[in-house]
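# An overview of the molecular structure
For reference, the chains in residue letters:
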Amino acid sequence: MEWRLFADLAETAGGQRVDVDVPADATVGDALDALLADRPALRERVLDDAGDVHHHVNVLLNGENVREAAGLDTRLESGDELAMFPPVSGG
């Protein structure tokens, strides 16, 4: 499974794309755990003190925020695309 990371998350991870190994019946949470195990520098940037995804970090599955579905319990299927965005502001 491949994660696409953006902005400072990509800088922290050392690249915009990170491949992780997850089982066939994995959830978004499993893929996130694999990402953080592979790139531990992301942990503090992505998770709060309780171990939950910071409210300002967006986790997307196929372009949709997982908070609008089953959250990290959302099941993955072959060909799914995962992405993570930090807060975005502009001017």
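The preceding data block contains the structure.
For every chain, the first residue of the written sequence is number 1, and numbering continues from 1 along that sequence. In keeping with the predicted nature of the model, local features appear solely for residues at pLDDT of at least 70, side-chain atom pairs appear and are counted solely at 80 or more, and the whole-chain, interface and lining totals rest on all residues. To get the side-chain values, all heavy atoms of the structure are used, and hydrogens and water are removed first.

## Observations concerning the overall build of the protein chain
As a reminder of what qualifies: A run of DSSP states H or I qualifies as a helix once it reaches four residues; a run of E qualifies as a strand once it reaches two. Both are numbered from the N-terminal end. When we talk radius of gyration, it's over C-alpha atoms, and the globule rule is simply 2.2 Å times the number of residues to the 0.38. Working definition: with a 1.4 Å probe on protein chains only, accessible area under 20% of the residue-type maximum means buried, over 50% means exposed, and in between means partly exposed. Residue contacts are defined here by distance: any two heavy atoms, one from each residue, within 4.5 Å place the two residues in contact. Calculation of accessible area relied on Shrake-Rupley with a 1.4 Å probe; when residues are assessed, cover is drawn exclusively from the protein chains displayed.
Along its length, the protein chain carries three helices and five strands. Overall, the protein chain shows an N-to-C arrangement of helices and strands of β-α-β-α-α-β-β-β. The globule rule puts the C-alpha radius of gyration for 91 residues at 12 Å, and the 12 Å found for the protein chain is close to it. Projected onto the principal axes, the alpha-carbon positions of the protein chain cover approximately 40 × 25 × 25 Å. With 91 residues in all, the protein chain has 38% of them scored as buried. Put simply, of all contacts in the protein chain between residues at least 6 apart along the chain, 51% involve residues at least 24 apart. Split by element, the accessible area of the protein chain, about 5,500 Å² in all, is 45% carbon and sulfur.

## Overview of the side chain of T74
Inspection of the secondary structure assignment puts T74 in the loop between β4 (64–65) and β5 (82–85). Under the relative-accessibility criterion, T74 is labelled buried at 12%.

## Observations regarding the pairing of strand β3 (residues 58–61)
Selection criterion: The pairing criterion is simple: DSSP has to find at least two bridges between the two strands.
In this sheet, β5 lies alongside β3 in antiparallel orientation, the contact comprising four bridges. Residue pairing across strands places L60 opposite A83, the latter belonging to β5. In terms of strand pairing, β3 meets β4 through two bridges, oriented antiparallel. Along β4, the bridge assignment pairs L61 with E64. Following β3, the chain reverses through two residues before pairing antiparallel with β4; N62 in that reversal takes a positive phi of roughly 55°.

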